[in-house]
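# Report on the structure
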Amino acid sequence: MKSAGRIWLYQLLVNRVPGIRKRYHEMRKTYGGKKGQLLSWCALLFWNIRYYVLGGRDDSGFSGKTYEKKKLKLQESACPGRMDRRLLKQKMMAADVISFDVFDTLLLRPFSEPADLFYLAGMHFSCPDFRLLRIEAERKARQRKRKCGEGVEVTLAEIWDLLEKMTGIPAEEGIAKEKDMERKYCFANPYFAGVPQKLQEAGKTVIAVSDMYLEQEFLESLLFEKGFGGLDACFVSSRWGVTKAEGTMYGKVEAEFAGQKNFLHIGDDRHSDIAMAKRAGWDTFWYPNIQMQGRRYRPRDMSVITGSMYGGMVNIRLHNGSRIYSPFYEYGYVYGGILALGYCQFIHNFVRRREISQIWFLARDGEILKKIYDCLYPGEETAYVRWSRGAAARILSSAWKEDFFERFLFQKTGQGYSMAEIFKAMELEHMLLEVCKDLGCRADTRLDLPLAKRCRSCLKRRWHQVETAYREEKEAVREYLTSLVGNHSRIAVVDIGWAGSGAMGISHLLREEFGLSCKVYGLLAGTNTCHNPRPDTSESFFFDGMIASYLFSQTKNRDLWKFHDLNRKHNLYMELLFTSDSPTLKGFCLDENGKVGFRYGKKEAHGKQIRQIQRGILDFTADYRKYFPEFVTGERGIIKGRDAYAPLLLFLQDKKVRKALERLFDWDTSADTQ
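Description of the structure in this document. (Residues numbered from 1 in each chain as written. Predicted model: local features only at pLDDT ≥ 70, side-chain atom pairs only at ≥ 80, totals over all residues. Heavy atoms only, no water.)

### Here's the deal with the overall build of the chain
Filter applied, for reference: Where helices and strands are cited, they refer to DSSP runs of H or I of at least four residues and of E of at least two residues respectively, numbered from the N terminus. Working definition: with a 1.4 Å probe on protein chains only, accessible area under 20% of the residue-type maximum means buried, over 50% means exposed, and in between means partly exposed. Contacts are assigned to residue pairs that have any heavy atoms within 4.5 Å of one another.
For the chain, the count of helices and strands is 30 helices and 14 strands. A buried classification covers 54% of the 674 residues belonging to the chain. Considering only residue pairs separated by 6 or more positions, the chain has 73% of its internal contacts joining residues 24 or more positions apart.

So this is what it looks like as structure tokens:
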């Protein structure tokens, strides 16, 4: 009856709301013992009152009512609560025996939850719900051990004795696979790399202590393999039947080193590693759990496996305590890394399925994407193509007159631009005075809508002069693009966004004006959205299959298509992730020998910050390749656009952190950023 009552209460207070359930289990993992149990139940009552009485929302990320929001940090690696290296050094020098926890201290896994490793094991075994079954088997094994009066510590063999019956997977095969995965995904924590060896050189006794179901011999070999070999001893609960959580492990260690007086234990669990060690009379140093430290900043609204891999990687990079990164580096690593990597995977699969032989990455956003793509897929033929919207508008002006006038005239009305500035942008300065005379205005007259309409009519009457002015540049583009095409019959043109005009313009030039039979596909990270004045500009090309989008479009992740708003600078924040420190291309030209040349604008004013952003993106890609090489190529583990956008979605909703980035970057913040 008592058990039934507890189950009913658990269902009532814990299981009904996903966000409450997740928080409760996180707290139970963090704080053990009776004190932790009391704290968790008090928190549970508070969360239920807030949700049911005060109208709080379910913070699970799956409510479906709104996008999740979090209070982000622009520079997570510098957040308060970082480990004090000087204090740690003092404590280690004062101790005779230094004891290290193993998992989440000496060794790390690139997952936000340790049990998420079982998702990949389930994939290997083709076993549905394997993660849950594996957790349940461990729980039952501990329960069975407790009933026999043998404590709660179990071995991997005892877990698989039950799991074999639950899944049909041979225990020997399962045990071998789990060990293989631990070897594959565990790696040395950079914060402690080389520390045990230096301590031993200083005459200290260094040991590892772990509450773990893995065999002690395996753990010793794993530590050796990851760079922590030669420790003086290793104590594992599955071998000795005593635990840190109960405090009995510390007595066992003291008995083994009876001649030593001062013991120091270093670990991440506040109960097992800190409270119980202190109760045994040991000195302690708390190394905060990296995943717990970073979890508050990571999106929950991601698919579980990709989200765990992403969260684990980012938390390890920013919260292991080994160094502080710049805000621009973190902006690239946290928000740009997964987006660039996922986009490159999308590009690779798109071109492979359509047998496209060459990929053009358009300047300047394509610079960093090409670097990543070439790194991921060496051997494929790619090109960095110098291109700009302004140059394209001039070169295509005869074919797409209205687009030309829209870009240079109507998009500039009412913004304080003078006629002189407008004609300089069009590179028609030689026509300025005669046009102004014809229109009855001056060079310093500000462009408004009526004047833009009259100017359009005037230029149409003088269109032969416009074509003559652009003739040489168009010839230079012919030489440039045809030399790039070579013998390729299918190419993909890659850009960040938004209308796909780059790919459409190049396709028109190659096929209609230069007489080439090359078929051109356009790939975009994102499209014009419903907030754009002309959201349907390229829809016929999307419908025809000539253009595809990775993140969102009218037919893909439509909720993001409705959310992403250029009027709130969303385009700008995304373009910042992929911009280059090279100057903007102003146009094309031919030198005296008829060779193609390029005309550039001013040098990028924020080159240092941009290089830091790119470094963050490149490091994310390198980390992903290091941790998950099997999911870089092929069809497995592809990062979907919805997942890639999730971190940026959090950022775009945090006005405070956006404003902080703008101030550091010295942007013009006059536009609405609500």
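### Some words on the nonpolar core
Threshold: Nine residue types can take part in a nonpolar core, namely buried Ala, Val, Leu, Ile, Met, Phe, Trp, Tyr and Cys, and a core is a set of them joined through side-chain atoms within 4.5 Å.
Membership of the largest hydrophobic core comes to 136 residues, with the highest contact counts inside it found for Ile266, Tyr331, Tyr343, Tyr624, Leu648 and Phe651. Residue contributions to this core peak at 16 residues, all from helix H16 (residues 327–353). Those residues in contact with Tyr624 that sit more than four places away from it in its chain are Met309, Met313, Leu341, Pro629, Phe631, Val632, Gly637 and Ile639. One finds Phe404, Met419, Met431 and Tyr470 within the second-largest nonpolar core, a separate group that totals 26 residues.

### Re a positive patch on the surface
Threshold: Patch definition: residues with relative accessible area over 30% and no salt bridge; like charges joined within 9 Å; nonpolar side chains (Val, Leu, Ile, Met, Phe, Trp, Tyr) joined within 5 Å. Here the Shrake-Rupley method, with its probe set to 1.4 Å, supplies the accessible areas, and only the displayed protein chains count as covering residues. Salt bridge, as applied in this entry: a Lys or Arg side-chain nitrogen positioned within 4 Å of an Asp or Glu carboxyl oxygen. Positive charges come from Lys and Arg, negative ones from Asp and Glu, while His and the chain ends are left out of the count. A single reference atom marks each charge: NZ on Lys, CZ on Arg, CG on Asp, CD on Glu.
Together, Lys71, Lys73, Arg296 and Lys656 make up a positively charged patch on the protein surface. Topologically, Lys73 is positioned in the loop between helix H3 (33–53) and helix H4 (85–94). For Lys73, a relative accessible area of 40% puts it in the partly exposed group.

### Some remarks on the environment of Lys204
Just so we agree on the cut-off: Two N or O atoms count as a polar contact when they lie within 3.5 Å, although within protein this holds only if one can serve as hydrogen donor and the other as acceptor, and sequence-adjacent residues are included solely when both atoms are side-chain atoms.
Relative to the assigned elements, Lys204 resides in the loop between helix H9 (195–201) and strand E4 (205–210). Lys204 gets classed as buried once you look at its relative accessible area, which sits at 16%. Separated by 110 residues in the primary sequence, Lys204 and Ala94 have C-alpha atoms spaced 9.7 Å apart. Excluding residues that lie within four positions of it along the chain, Lys204 makes contacts with Met92, Met93, Ala94, Ala95, Asp96, Ile98, Leu199 and Asp232. Here Ala95 takes part through its backbone oxygen, which lies 2.9 Å from a polar atom of the side chain of Lys204.

### Considerations on unusual backbone geometry
The omega torsion across Ala363 and Arg364 is -10°, close enough to zero to call that bond cis. Relative to the helices and strands, Arg364 resides in the loop between strand E8 (358–362) and helix H17 (366–376). Here the bond from Gly497 into Trp498 is cis, since omega is 10°, no more than 30 degrees from zero. Along the chain, Trp498 turns up in the loop between strand E10 (490–495) and helix H24 (501–513). Phi at Ser126 is positive, roughly 55°, even though this residue is not glycine. Note on Ser126: relative accessible area 65%, which makes it exposed. In the Ramachandran plot, Glu355 falls in the positive-phi region, its phi being about 55° despite a non-glycine side chain. Here Glu355 lies in the loop between H16 and E8. Glu355 gets classed as exposed once you look at its relative accessible area, which sits at 68%.

### What about the side chain of Asp619?
Tracing the sequence through the fold places Asp619 in helix H28 (residues 607–627). For Asp619, a relative accessible area of 16% translates into the label buried. The contact partners of Asp619, leaving out residues within four places of it in the chain, are Arg317, Tyr329 and Tyr333.

### Here we look at helix H27 (residues 570–578)
Across the 9 residues of H27, 7 count as buried, placing the element largely inside the fold. Of the residues making up H27, those classed as buried are His570, Asn571, Tyr573, Met574, Leu576, Leu577 and Phe578.

### Here's the deal with the pattern of salt bridges
Within the structure shown, the criterion is met by 46 salt bridges. The residue Arg456 makes a salt bridge to Glu402 at a minimum N-O spacing of 3.4 Å. You can see Arg456 sitting in helix H22 (residues 449–461) and its partner Glu402 sitting in helix H19 (residues 401–408), a full 54 residues away along the chain. For Arg456, a relative accessible area of 23% corresponds to the partly exposed category.

### Details of the sheet that holds strand E6 (residues 263–267)
Quick note on the threshold: Two strands pair under a simple rule: DSSP has to find at least two bridges between them. To get an axis, fit a line to the C-alpha atoms, keeping to the stretch in contact for a helix; angles then go from 0 to 180 degrees between the N-to-C directions.
With parallel pairing, 5 strands are arranged side by side in an open sheet as E5-E4-E1-E6-E7. With partners counted over all chains shown, the strands left at the sheet margins are strand E5 (233–236) and strand E7 (283–286), one partner each. Going across the sheet, the axis of each strand differs from the next one's by a mean of 20°, ignoring polarity. As defined by bridge partners, strand E1 (residues 97–101) adjoins E6 across 4 bridges and the pair is classed as parallel.

### Topic: the packing of aromatic side chains
Applied cut-off: Side-chain rings of Phe, Tyr and Trp (the six-membered ring for Trp) are treated as a pair once their centres are within 6.5 Å; stacked means planes under 30 degrees apart, edge-to-face means over 60, and tilted covers the remaining angles. Two conditions define a charge located above a ring, namely a distance within 6 Å from the ring centre to NZ of Lys or CZ of Arg, and an angle within 35 degrees of the ring normal.
All chains considered together, the criterion is met by 46 aromatic pairs. Look at Phe346 and Phe350: their rings are 6.4 Å apart centre to centre, the planes differ by 35°, and that puts the pair in the tilted class. In this pair, Phe346 and Phe350 are both assigned in helix H16, 4 residues apart and thus about one turn of the helix distant. Ring pairs connect the aromatic residues Phe111, Tyr185, Phe187, Tyr310, Tyr325, Tyr329, Tyr333, Phe620, Tyr624, Tyr627 and Phe628, which therefore count as one cluster. The aromatic ring of Trp286 is capped on one face by Arg270, whose charged end is 3.6 Å from the ring centroid. One Lys or Arg, Arg407, reaches over the ring of Phe408 and ends 5.9 Å from the middle of that ring.

### Quick look at the pairing of E5
Cut-off, in case you're wondering: The handedness rule is simple: strands pointing away from the viewer, and a clockwise path from the first strand over the helix to the second, make the crossover right-handed.
Of the two faces of E5, the one holding Ala233 and Phe235 and the one holding Cys234 and Val236 are both buried throughout. As paired elements, E4 and E5 share 4 bridges and run parallel to each other. By the bridge assignment for E5, Ile207 is matched with Ala233. Each parallel crossover has a hand, and for E4 linked through helix H10 (residues 216–225) to E5 it is right-handed.

### Section: the state of the cysteines
Worth spelling out the cut-off: For the purposes of this analysis, a disulfide is any pair of cysteine sulfur atoms at a distance within 2.5 Å.
Counted under the stated rule, the structure contains 0 disulfides. Free cysteine: Cys455, not disulfide-bonded; nearest cysteine sulfur from Cys458 at 6.4 Å.

### So, the packing of H16 against H27
The condition is simple: An angle below 35 degrees is read as roughly parallel, one above 145 as roughly antiparallel, one from 65 to 115 as roughly perpendicular, and any other as oblique. Note on residue categories: nonpolar means Ala, Val, Leu, Ile, Met, Phe, Trp, Tyr, Cys or Pro, charged means Asp, Glu, Lys or Arg, and polar means any other residue, Gly included.
Close contact between H16 and H27 brings their axes to 10 Å; oriented N to C, the two are set at 90°. Between H16 and H27, the crossing angle belongs to the class labelled roughly perpendicular. In this structure, H16 contributes Tyr331, Gly332, Tyr335, Gly336, Leu339 and Ala340 to the contact, and H27 contributes Tyr573, Met574, Leu576, Leu577 and Phe578. In terms of residue class, the contact of H16 with H27 is built from 9 nonpolar, 2 polar and no charged.

### Remarks on the packing of helix H8 (residues 171–185) against H10
A pair of packed helices can be characterised by two numbers: the angle between their axes and the separation between those axes. Put simply, the rule reads: Each crossing gets its hand from how the near helix is turned against the far one by less than a right angle, where anticlockwise is left-handed and clockwise is right-handed.
Two elements in contact, H8 and H10, have axes separated by 10 Å at closest approach and are oriented at 25°. Accordingly, the angle class assigned to the pair H8 and H10 is roughly parallel. Crossing handedness for the pair H8 and H10: right-handed. Residues Lys179, Glu182 and Arg183 of H8 pack against Phe218, Leu222 and Glu225 of H10. Tallied by class, the residues present in the contact of H8 with H10 amount to 2 nonpolar, no polar and 4 charged.

### Considerations on a nonpolar patch on the surface
A cluster of nonpolar side chains, contributed by Leu45, Ile49, Tyr52 and Val53, occupies part of the molecular surface with about 400 Å² of accessible area. For Leu45, the location among the structural elements is in helix H3. Residue classification places Leu45 among the partly exposed residues on the basis of a relative accessible area of 47%.

### Thoughts on the sheet that holds E10
Taken in spatial order, the 5 strands make up an open sheet running E9-E8-E10-E11-E12, and their pairing is parallel. Edge positions in the open sheet fall to strand E9 (382–385) and strand E12 (547–552), since each of these has one partner strand only. The mean angle between the axes of side-by-side strands here comes to 20°, regardless of whether they run parallel or antiparallel. Examined bridge by bridge, E8 and E9 share 4 bridges and lie parallel to one another. Looking at the pairing, Leu362 lines up with Val385 of E9. Packed on one face of the sheet, H24 meets E8, E10, strand E11 (519–526) and E12 and runs near 170° to E11.

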